[in-house]
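# Descriptive analysis of the structure
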Amino acid sequence: MTDPRSFILANTRLQPVSHTPEISLWLADEVTPIWRLTEAELGEMGVPPPFWAFAWAGGQALARWVLDHPDEVAGRRVLDFATGSGLVAVAAMKAGAASVLAADIDPFAGAAVALNCEANKVESIFTGADLLEAPAPDVDLILAGDVCYEQPMSGRVLAWLGEARSRGIEVRIGDPHRTYFPRLGLELLAEYTVPTTRELEDQTVKRTSVWRLP
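Residues numbered from 1 in each chain as written. Predicted model: local features only at pLDDT ≥ 70, side-chain atom pairs only at ≥ 80, totals over all residues. Heavy atoms only, no water.

### Points about the side chain of Asp146
Filter applied, for reference: The helix and strand labels rest on DSSP assignments: H or I over at least four residues marks a helix, E over at least two residues marks a strand, and numbering proceeds from the N terminus. Three exposure classes are used, based on accessible area relative to the maximum for each residue type with a 1.4 Å probe and protein chains only: buried under 20%, partly exposed in between, and exposed over 50%. Any pair of N or O atoms that falls within 3.5 Å is considered a polar contact. Within protein, one atom must be able to donate a hydrogen and the other to accept it, and sequence-neighbouring residues count only if both atoms are side-chain atoms. Contacts: residue pairs with any heavy atoms within 4.5 Å of one another.
Structurally, Asp146 is set in the loop between strand E6 (141-145) and helix H6 (151-166). Judged by its relative accessible area of 12%, Asp146 falls in the buried class. Polar side-chain contacts of Asp146 include one of 3.0 Å to the backbone nitrogen of Gly58. Engagement of the side chain of Asp146 in a polar contact is seen with the side chain of Arg178, the distance being 3.3 Å. Residue contacts for Asp146: discarding those within four places in its chain leaves Trp56, Ala57, Gly58, Gly59, Gly174, Pro176 and Arg178.

### Side note on the pattern of salt bridges
Test applied: Any carboxyl oxygen of Asp or Glu within 4 Å of a side-chain nitrogen of Lys or Arg constitutes a salt bridge here.
Enumeration over the complete set of coordinates arrives at 14 salt bridges. Across the pair Arg77 and Asp138 runs a salt bridge, and its minimum N-O distance is 3.2 Å. Pair noted here: Arg77 is in strand E3 (residues 77-81) and Asp138 is in the loop between strand E5 (125-127) and E6, with a separation of 61 residues, a long-range link. Each member of the salt-bridge network shares a partner with another, and the members are Glu72, Arg76, Glu170 and Arg172.

### Thoughts on unusual backbone geometry
For Lys121, which is not glycine, the phi torsion reads 60° and is therefore positive. Checked against the element boundaries, Lys121 lands in the loop between helix H5 (109-119) and E5.

### Focus on the pairing of strand E9 (residues 205-212)
To be explicit about the condition: Paired strands, in this sense, are two strands between which DSSP finds at least two bridges.
Sheet analysis places strand E7 (residues 170-175) next to E9, joined by four bridges and oriented antiparallel. Bridge pairing links Ile173 to Trp211 in E9. Pairing between strand E8 (residues 187-195) and E9: eight bridges, direction antiparallel. Residue Val194 lies in a different strand from E9, and its bridge partner there is Lys206.

### Considering the environment of Arg212
Looking at the secondary structure, you find Arg212 in strand E9. Arg212 has contacts with Arg165, Val171, Arg172, Leu186, Glu187 and Leu189, leaving out every residue within four places of it along the chain. Side chain to side chain, Arg212 and Glu187 meet in a polar contact 2.4 Å long.

### Here we look at the packing of helix H3 (residues 57-68) against helix H4 (residues 87-94)
Packed helices, taken two at a time, are described by the angle between their axes plus the distance between the axes. This is how it is decided: Here, axes are lines fitted to C-alpha atoms. For helices the fit covers the stretch in contact, and angles between N-to-C directions go from 0 to 180 degrees. Here the angle decides the label: under 35 degrees means roughly parallel, over 145 means roughly antiparallel, 65 to 115 means roughly perpendicular, and every other value means oblique. Polarity classes work like this: nonpolar for Ala, Val, Leu, Ile, Met, Phe, Trp, Tyr, Cys and Pro, charged for Asp, Glu, Lys and Arg, and polar for all others, with Gly in that last group.
The contact between H3 and H4 brings their axes to 9 Å, and the two run at 0°. Classified by the angle their axes make, H3 and H4 are roughly parallel. Residues Gly59, Gln60, Leu62, Ala63, Val66 and Leu67 of H3 touch H4, and the partners they reach there are Leu87, Val88, Ala91, Ala92 and Lys94. Residue composition of the contact of H3 with H4, grouped by class: eight nonpolar, two polar and one charged.

Below, the structure is given as structure tokens:
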């Protein structure tokens, strides 16, 4: 990969997010073209979908909740886990977080987060480290959107979040009621009707919830 920033600018466009129009992101309009271009740029076939190029329903709901409840993040150290585009990180900074660490292992995510922070006039710190390999970093609050789309990963992430919660770190999760998301034992904080597309989901509107890990 040569220049992920230039790749993003050439293959996405800056546009407001449907459920959080206060925030604009560099996003793709279709999955397949940007996916194929990503494979060509990396020189590798069968790479994961370019999650950074879209505003997924769980992240949109979580960002909306953060913007509507700034007291939950104001003055706090926040981790946006599996940040993708950086949507939730941007929302947290706009809501007054003291700092935001945006984490994602996708090689394009760092450039996407930087561009989207610039577009929204906020700053965050990015890490490409796999945070699941160690205990959660020293933060006050973890925000995690759309982390339960695959069964093995869901279990691993939820166990990691549970360990963080046992150490006193608060956890909020945004999810559009995916198959592998275990709602038992979680506290429902809010529910939204999030516009999306058939490009990303099985419906054009997804019932999406924000949960607290007790």
